[in-house]
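# Structure at a glance
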Number of protein chains: 2
Amino acid sequence: MYSAVIEELIEKFERLPGIGHKSAERIAFYILEHMSGEDTDRMANAIVHAKKTIHLCEQCQNLTDASPCSVCSSSKRDRSLICVVESPEDVSAIENTHEYNGLYHVLHGALSPMDGVGPDDIKINELLLRLSGGEVKEVILATNPTVNGTATAVYISKLLSPFEVTVTRIAHGIPIGSDIEYADKITLIKAMESRTVMNG
Amino acid sequence: MYSAVIEELIEKFERLPGIGHKSAERIAFYILEHMSGEDTDRMANAIVHAKKTIHLCEQCQNLTDASPCSVCSSSKRDRSLICVVESPEDVSAIENTHEYNGLYHVLHGALSPMDGVGPDDIKINELLLRLSGGEVKEVILATNPTVNGTATAVYISKLLSPFEVTVTRIAHGIPIGSDIEYADKITLIKAMESRTVMNG
């Protein structure tokens, strides 16, 4: 029922993740009714500019506009430590804790045979290349605690056996501040298995 | 933690209605990781093009790329009937029923003294101008059944008293397919008050 121009605008937003038809409509009308021509130009430019400028860091494979990225080029980071994550958002989450001072490696996905995602489809080879220098002492596997994320961690830890690095996996257990009563069964089993000694 | 270019992209999407910081992040990374440069160009163009092309129909004030819009210029529509709604989305919802064959008038909002929205801030004068021709026989007030929407309907119905038009309000009551048990009190009161005779 809308004019083709509006339909096209709605369709463009509908393709974005987490935006259904109704939300896309709402956004399109917001743009047409409440944003100035200047604002829409700025928005369009931000999209085109970001797409043109942002690329993968040659070292950690995170999204960046510099090369290498600000983490990889920082002299303050511990270069003996690499934390392997699935996505750039994971890097952001860990950085926001302000507690980790090593480097990162972004895989851009996890192994998923069901979806046809194999080792060559994610940035595993790029990780191996970074270990050949001998500077890295520990690789922390912080892929998601899902079937695919765990399989990826297991796969990488086996791949790394020829290298002289410690391979660790982030801990899984009851989240801080939550209730044991409401923890799911698998998390609870994991938390019991991974219990730590308190008195010495 | 992200580069300034990514932050700007996230910020642009965060300003859209219904999109929080987390969703904006997800959209930005989707654009950077999964959309091609061509796709992002098309998206940016759709935004700029729609903003430039779409304007208000000189008659019904709906968003359109033609002038007058396809409804106002159609020879198949009943020109004696005008349905007054708050927003272009409302026109779309009514058109989707395929049961209404009259014209529309989009107010672009509702009276809201608390927010400083008075009669001159919405398209009420434009409605009055359309009635001066004498062609219109009925004005259906289909503003939302909210405090502001109802106040707007009452205000317009008073304004229209000098004109020789029937002014009607869409019915309020229990939605079809829902349960009386779960209807809210005000809807239930309205439904009882507006009961219709069944046997003749």
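Remember, predicted model here, so these are calculated numbers, not experimental data.

So, how was this worked out
- Residues numbered from 1 in each chain as written.
- Chains lettered and ligands numbered in written order.
- Predicted model: local features only at pLDDT ≥ 70, side-chain atom pairs only at ≥ 80, totals over all residues.
- Heavy atoms only, no water.
- Domains from an automatic or database assignment.
- Axes fitted to C-alpha atoms, helices over the stretch in contact; angles between N-to-C directions.
- Helix = DSSP H or I, 4+ residues; strand = E, 2+ residues; numbered from the N terminus.
- Parallel < 35°, antiparallel > 145°, perpendicular 65-115°, else oblique.
- Left-handed = near helix turned anticlockwise from the far one by under 90°.
- Contact = heavy atoms within 4.5 Å.
- Nonpolar A, V, L, I, M, F, W, Y, C, P; charged D, E, K, R; others polar.
- Core = buried A, V, L, I, M, F, W, Y, C linked by side-chain atoms within 4.5 Å.
- Buried < 20%, exposed > 50% of the residue type's maximum accessible area, 1.4 Å probe, protein only.
- Pairing = 2+ DSSP bridges.

### Re the domain arrangement of chain A
Each domain of chain A was delimited in the assignment, giving domain 1 (4-53) and domain 2 (77-169). Taking only C-alpha atoms, the centre of domain 1 of chain A and the centre of domain 2 of chain A are 35 Å apart.

### Some thoughts on the packing of helix 1 (residues 4-14) of chain B against helix 2 (residues 21-34) of chain B
All names here are of chain B. Packing of helix 1 against helix 2 brings their axes to within 8 Å, and their N-to-C directions diverge by 125 degrees. One element, helix 1, and the other, helix 2, form an angle in the oblique class. Considering only the axes of helix 1 and helix 2, their crossing is right-handed. Judged by residue contacts, I6, L9, I10, F13 and E14 of helix 1 engage H21, A24, E25, I27, A28, F29, I31 and L32 from helix 2. Taken together, the residues of the contact of helix 1 with helix 2 break down into ten nonpolar, one polar and two charged.

### Focus on the nonpolar core
With 42 residues, the main nonpolar core has L9, F13 and L16 of chain A together with L9, F13 and L16 of chain B as its most contacted residues. At the level of elements, helix 1 (4-14), helix 2 (21-34) and helix 3 (37-53) of chain A together with helix 1, helix 2 and helix 3 (37-53) of chain B are the ones that each hand at least two residues to this core. Those residues in contact with L16 of chain B that lie beyond four places of it in its chain are F13, I27, Y30, I31, M35 and M43 of chain A. V106, L131, A142 and I156 of chain A belong to the second largest nonpolar core, which has 31 residues in total.

### Some details on the sheet that holds strand 6 (residues 166-169) of chain B
All names here are of chain B. Reading across the sheet, the four strands line up as 4-3-5-6 and stay open at both edges, with parallel pairing between neighbours. The strands lining the two open edges of the sheet, one partner per strand, are strand 4 (102-106) and strand 6. Between one strand axis and the next, the sheet turns through 25 degrees on average, direction left out of account. In this structure, strand 5 (residues 138-141) lies alongside strand 6, joined through four bridges in parallel fashion. Each residue of the ladder has a partner; that of I140, found in strand 6, is T168. Sitting on the sheet, helix 5 (residues 124-131) touches strand 3 (78-85), strand 4 and strand 5, and the angle it makes with strand 4 is about 150 degrees. Taken strand by strand, helix 6 (residues 147-159) contacts strand 3, strand 5 and strand 6, and its axis lies near 170 degrees from that of strand 6.

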